[in-house]
Amino acid sequence: LARSTVEAMKAKYSMDQSSNSEILFRFCLLAIESGDDTMYPVIVRFITTQGRMKFVRPLYRALCKSEKGKELAISTFLSKKDFYHPICAKMVASDLLPSKKKKRSVTREIAHHLLVGATVGFAVAIGMSILRGRKR
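Residues numbered from 1 in each chain as written. Predicted model: local features only at pLDDT ≥ 70, side-chain atom pairs only at ≥ 80, totals over all residues. Heavy atoms only, no water.

With that settled, the discussion passes to the overall build of the chain. When its secondary structure is counted, the chain shows 7 helices and 0 strands. Going from N to C terminus, the chain has its helices and strands arranged as α-α-α-α-α-α-α. Here the C-alpha radius of gyration of the chain, 20 Å, is well above what a compact globule of 136 residues would show, namely 14 Å. Burial status across the chain gives 33% buried among its 136 residues. A separation of at least 24 residues holds for 58% of the contacts in the chain among residues at least 6 apart in sequence. (Helix = DSSP H or I, 4+ residues; strand = E, 2+ residues; numbered from the N terminus. Rg over C-alpha atoms; globule rule 2.2 N^0.38 Å. Buried < 20%, exposed > 50% of the residue type's maximum accessible area, 1.4 Å probe, protein only. Contact = heavy atoms within 4.5 Å.)

Rendered as structure tokens:
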């Protein structure tokens, strides 16, 4: 679709303000493909509040393919990668950062965060069991 058509749809139907994820997702894809960079704040808000890979991964891919959106996609993902499920983060990282060196560093960083989180959780569980034993 032409950019003017997407802008007319946005003005007439307020699709950029939809609370329906399916509608907003498809409208964001149309906006990216038409080159409507005024939708970038809406797209970033959507991909940073909706963690489903069904919506997130295609939007990151589309942003990465667009001229103006590639840097936005990478910077947004790097700042919000901890928000996503580890599998989603790994898949999006492989889409955005295709070189093996970068992909490994992002994957290792994610694995490191998971390991630290698991260690802290384990330590808390041990501490709780020790405290419960002392109260009896």
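On we go from here.
What follows concerns a nonpolar patch on the surface. Taken together, Val116, Val120, Val124, Met128 and Leu131 make up a surface patch of nonpolar side chains, about 420 Å² in accessible area. Tracing the sequence through the fold places Val116 in helix H7 (residues 100–135). (Patch = residues over 30% accessible without salt bridge, like charges linked within 9 Å, V, L, I, M, F, W, Y side chains within 5 Å. Areas by Shrake-Rupley, 256 points an atom, 1.4 Å probe, with all protein chains shown as cover. Salt bridge = Lys/Arg side-chain N within 4 Å of Asp/Glu carboxyl O.)

The next thing to look at is unusual backbone geometry. Backbone geometry at Ser14 places phi at a positive 50 degrees, although glycine is not the residue there. Looking at where Ser14 falls in the secondary structure, it is placed in the loop between helix H1 (3–13) and helix H2 (21–34).

Take the side chain of Asp16 next. Following the sequence through the fold, Asp16 ends up in the loop between H1 and H2. The buried charged residue Asp16 lacks any salt bridge, with Lys10 as its nearest oppositely charged partner at 5.1 Å. The residues touching Asp16, leaving out its near neighbours within four places in the chain, are Lys10, Leu24, Phe27, Met39, Val42 and Arg45. (Lys, Arg positive; Asp, Glu negative; His and termini not counted.)

Counting through the fold element by element, Met91 comes out in helix H6 (residues 86–96). Among the residues examined, Met91 registers a relative accessible area of 30% and is labelled partly exposed. Met91 sits 16 residues away from Thr107 along the chain, and the two C-alpha atoms are 9.8 Å apart. For Met91, the contacting residues outside a window of four places in its chain are Met53 and Arg57.

Take the pattern of salt bridges next. A pair can form between side chains of opposite charge whenever their charged atoms are brought close. One pass over the structure, following the stated rule, counts 9 salt bridges. Residues Arg26 and Glu22 are paired through a salt bridge, measuring 2.7 Å at the closest nitrogen-oxygen approach. Taken together, the residues span about one helical turn, with Arg26 and Glu22 both in helix H2 at a distance of 4 residues. Where Asp95 meets Arg61, a salt bridge forms, and the shortest distance between an N and an O atom there is 3.1 Å. Pair noted here: Asp95 is in helix H6 and Arg61 is in helix H4 (residues 53–65), with a separation of 34 residues, a long-range link. Overall, the relative accessible area of 22% leaves Asp95 in the partly exposed class. Here Arg61 falls in the partly exposed class, since its relative accessible area comes to 37%. Linked by salt bridges that have partners in common, Arg3, Glu7, Lys10, Asp36, Asp37 and Lys68 make up one network.

For helix H3 (residues 40–49), the set of buried residues is Tyr40, Val42, Ile43, Phe46, Ile47 and Thr48. Where H3 is buried, its residues meet H2, H4 and helix H5 (69–80).

The next thing to look at is the packing of H2 against H4. Their axes nearest at 10 Å, the elements H2 and H4 cross at an angle of 10 degrees. By the angle between their axes, H2 is roughly parallel relative to H4. Residues Ser21, Glu22, Phe25, Cys28, Leu29 and Ile32 of H2 form the contact with H4, whose own contacting residues are Lys54, Phe55, Pro58, Leu59, Ala62 and Leu63. Here the residues of the contact of H2 with H4 sort into 9 nonpolar, 1 polar and 2 charged. (Axes fitted to C-alpha atoms, helices over the stretch in contact; angles between N-to-C directions. Parallel < 35°, antiparallel > 145°, perpendicular 65-115°, else oblique. Nonpolar A, V, L, I, M, F, W, Y, C, P; charged D, E, K, R; others polar.)

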